[in-house]
Amino acid sequence: MAARKIADAGRSVCLLERKQKVGIPVRCGEGIGLKGFALHVKLRPEWIKASITTVRLVSPSGYAAEFGNYDKNVDKSYVLDRELMDADLAKMAAEAGAVFLCNKPVVAIEKRGDGMYECATPDGRYSAQCVILAEGVESRLARQMGWNTALSPENVESCAFTRIDNAGIDQGTLALYFGNDVAPGGYAWVFPRGNNTANVGLGVLGSKSSGGKALMLLKQFLESNFPDAHVGEVHCGGVPVGKWLRPLARDGVMVAGDAACQVNALSGGGIANALHAGVLAGSAAVRAFNNGGFHPEYLKEYEKKWAGFFGRQQERSFALKKLVMEYTDTMLDQAILSLQKEDPGRMTTFKFALRT
């Protein structure tokens, strides 16, 4: 999104992708709410794998409460094909004029004496006055540039994820499972993907995790809920669930997406956040090159605009996450039992968190 924004403005931009093919492998539940997503990207029908009409919350003891998109004020939700969407977004950037290079992992970055930043890859070096780092939760390059990107155990989720094929999957329902025996400090999810398939995974809060725990719990969850399912390839990874990184811009470098912890701290969702961050970072870069020369002070507008919208939302999600961390299984049971009495068409995850 950043590269596309810069190219659309007629500026020279190179997009370096570390993978051989953008978007593969997918390490994402692929769920979105349309309101945040559609701020910058028009949802293409071919990206949609499933339309969500109902969200089911399942307590540690198996009590269930549902809410859904029955009301015009409730955000429409979908499960996307991230592999296709990511490839299309990269293509859009290239069509706008960005130089798009795959299989170009940046292994080091340094600022030269002339003020240019030099990005080293295994087979070449690329230089620019302005660099946007969107390298995921590991964010090694941001550390090289002076950011403290270390995540405390309570601010990262250890996740395990797979895709399954099972005839019993409700293709209109997104299901979330809670409890210390399911996913301590997090939750397990079942996101339908069409044709009897679904994304299934879980996240365990780092402070409640240990080596291999997420993978073990995923196996137990699948055996308990989908014993006859065909299970695909399993992927593991981390999701930042802390506060967003400050500052977002330093000299001529900006950080965006998971590298900047721009993720909903309560849900772990980050697609819309990342799209928005990319547009804001790209816009700030364009402004910094206006009026002749390069003026890095204009990059600060990126942080200001992020803080005023998605940043504020993320602060609320972080406060709610801290509250949820204290929930016991008994409290979760009671909360979901109380939600059974609510109008499902007007219930939201925010109201659920407040109710508990």
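Residues numbered from 1 in each chain as written. Predicted model: local features only at pLDDT ≥ 70, side-chain atom pairs only at ≥ 80, totals over all residues. Heavy atoms only, no water.

Quick word on the sheet that holds strand 2 (residues 31-33)
Link 1 in the chain: The strand order across the open sheet built from three strands is 2-6-3, with neighbouring strands paired in antiparallel fashion. Only two strands of the sheet have a single neighbouring strand rather than two, namely strand 2 and strand 3 (48-52). Recorded for the sheet is a direction-independent mean angle of 30° between the axes of neighbouring strands.
Link 2 in the chain: Here three bridges tie strand 2 to strand 6 (residues 77-80), and the two strands are oriented antiparallel to one another. Its bridge partner being in strand 6, Gly 33 is matched across the sheet by Ser 77. (Pairing = 2+ DSSP bridges. Helix = DSSP H or I, 4+ residues; strand = E, 2+ residues; numbered from the N terminus. Axes fitted to C-alpha atoms, helices over the stretch in contact; angles between N-to-C directions.)

Re the pattern of salt bridges
Link 1 in the chain: The full count for this structure, using the stated rule, is 13 salt bridges.
Link 2 in the chain: The shortest N-O distance in the salt bridge between Arg 27 and Glu 138 comes to 4.0 Å. You can see Arg 27 sitting in the loop between strand 1 (14-16) and strand 2 and its partner Glu 138 sitting in the loop between strand 11 (131-133) and helix 4 (140-144), a full 111 residues away along the chain.
Link 3 in the chain: Its relative accessible area of 34% is what places Glu 138 among the partly exposed residues.
Link 4 in the chain: Here Asp 88 makes a salt bridge to Arg 44, at a shortest N to O gap of 3.5 Å. (Salt bridge = Lys/Arg side-chain N within 4 Å of Asp/Glu carboxyl O. Buried < 20%, exposed > 50% of the residue type's maximum accessible area, 1.4 Å probe, protein only.)

With respect to the packing of aromatic side chains
Link 1 in the chain: Evaluation of the coordinates by the stated rule reveals eight aromatic pairs.
Link 2 in the chain: Judged by centre distance (6.0 Å) and plane angle (50°), the rings of Phe 178 and Tyr 187 are tilted.
Link 3 in the chain: A residue is classified by how much of its surface remains accessible, and Phe 178, at 12% relative accessible area, is buried.
Link 4 in the chain: Where Phe 309 meets Phe 310, the ring centres are 5.0 Å apart and the plane angle is 80°; that geometry is what we call edge-to-face.
Link 5 in the chain: Residue Phe 310 is classed as buried on the basis of its relative accessible area of 6%.
Link 6 in the chain: In this structure an aromatic cluster arises from ring pairing among Phe 178, Tyr 187, Trp 189 and Phe 191. (Phe/Tyr/Trp six-rings, centres within 6.5 Å; stacked < 30°, edge-to-face > 60°.)

Looking at the side chain of Asn 273
Link 1 in the chain: By secondary structure assignment, the location of Asn 273 is in helix 6 (residues 271-288).
Link 2 in the chain: Filtering out sequence-adjacent residues up to four positions away, Asn 273 remains in contact with Gln 262, Val 263, Asn 264, Trp 306 and Phe 310. (Contact = heavy atoms within 4.5 Å.)

Description of the pairing of strand 13 (residues 173-177)
Here is the key point about a regular strand: its side chains alternate between the two faces of the sheet.
Link 1 in the chain: By the criterion of burial, strand 13 is predominantly enclosed, with five of the five residues buried.
Link 2 in the chain: The alternating pattern of strand 13 places Thr 173, Ala 175 and Tyr 177 and Leu 174 and Leu 176 on opposite faces, both of which are buried.
Link 3 in the chain: Bridging between strand 4 (residues 54-58) and strand 13 involves five bridges; their strand directions are parallel. For Val 58, the partnering residue across the bridge sits in strand 13 and is Tyr 177.
Link 4 in the chain: The sheet contact formed by strand 13 and strand 14 (residues 187-194) spans three bridges and is antiparallel. What sits directly across from Leu 176, in strand 14, is Trp 189.

Some thoughts on helix 9 (residues 329-339)
Link 1 in the chain: Among the residues of helix 9, those classed as buried are Leu 332, Asp 333, Ala 335, Ile 336 and Leu 339. Along the axis of helix 9, the buried residues cluster in a sector spanning 165°; they form a single face. Exposed positions of helix 9 whose direction lies more than 90 degrees from the buried face are Thr 330 and Gln 334. (Arc of directions from axis to C-beta.)

Some remarks on the packing of helix 7 (residues 300-308) against helix 8 (residues 310-324)
Link 1 in the chain: Look at helix 7 against helix 8: their axes get within 3 Å of each other, and the N-to-C directions meet at 50°. Comparing the axis directions of helix 7 and helix 8 gives the class oblique. Counting all contacts with helix 7, which are made through Trp 306, Ala 307 and Gly 308, the residues of helix 8 involved are Phe 310, Gly 311, Arg 312 and Gln 314.
Link 2 in the chain: In terms of residue class, the contact of helix 7 with helix 8 is built from three nonpolar, three polar and one charged. (Parallel < 35°, antiparallel > 145°, perpendicular 65-115°, else oblique. Nonpolar A, V, L, I, M, F, W, Y, C, P; charged D, E, K, R; others polar.)

Some words on a nonpolar patch on the surface
Link 1 in the chain: There is a patch of nonpolar side chains on the surface, built from Leu 215, Val 231 and Val 234 and spanning about 210 Å² of accessible area.
Link 2 in the chain: Looking at the element boundaries, Val 231 is found in strand 16 (residues 230-231). (Patch = residues over 30% accessible without salt bridge, like charges linked within 9 Å, V, L, I, M, F, W, Y side chains within 5 Å. Areas by Shrake-Rupley, 256 points an atom, 1.4 Å probe, with all protein chains shown as cover.)

A closer look at the nonpolar core
Link 1 in the chain: In terms of nonpolar packing, the biggest core is built from 40 residues, with Leu 133, Met 254, Leu 299 and Tyr 302 touching the most fellow members.
Link 2 in the chain: Looking at this core, the elements that each hand over two or more residues are helix 1 (2-8), strand 9 (117-121), strand 11, helix 4, strand 19 (253-255), helix 6 and helix 7.
Link 3 in the chain: At eight residues, the largest contribution of residues to this core is made by helix 6.
Link 4 in the chain: Excluding residues that lie within four positions of it along the chain, Met 254 makes contacts with Cys 130, Val 131, Ile 132, Leu 133, Leu 248, Ala 249, Ala 281, Ala 284, Ala 285, Leu 299 and Tyr 302.
Link 5 in the chain: Counting residues in hydrophobic clusters, the runner-up holds 20 residues, among them Ala 175, Tyr 177, Ala 198 and Val 200. (Core = buried A, V, L, I, M, F, W, Y, C linked by side-chain atoms within 4.5 Å.)

Observations regarding helix 6
Link 1 in the chain: The end-to-end C-alpha distance of helix 6 is 26 Å, a good match for the 26 Å that 18 residues give at a rise of 1.5 Å each.
Link 2 in the chain: Across the 18 residues of helix 6, 15 count as buried, placing the element largely inside the fold. (Expected span 1.5 Å × (residues − 1).)

So, the sheet that holds strand 11
Link 1 in the chain: Reading across from one edge, 11-19-18 is the order of the three strands in this open sheet, with mixed pairing throughout. Both edges of this open sheet fall to strand 11 and strand 18 (249-250), since each of them pairs with a single strand only.

Observations regarding the side chain of Thr 121
Link 1 in the chain: Tracing the sequence through the fold places Thr 121 in strand 9.
Link 2 in the chain: The class for Thr 121 is buried, based on a relative accessible area of 8%.
Link 3 in the chain: Non-local contacts of Thr 121, meaning those with residues more than four positions away in its chain, are made with Lys 104, Pro 105, Val 106, Val 107 and Tyr 126.

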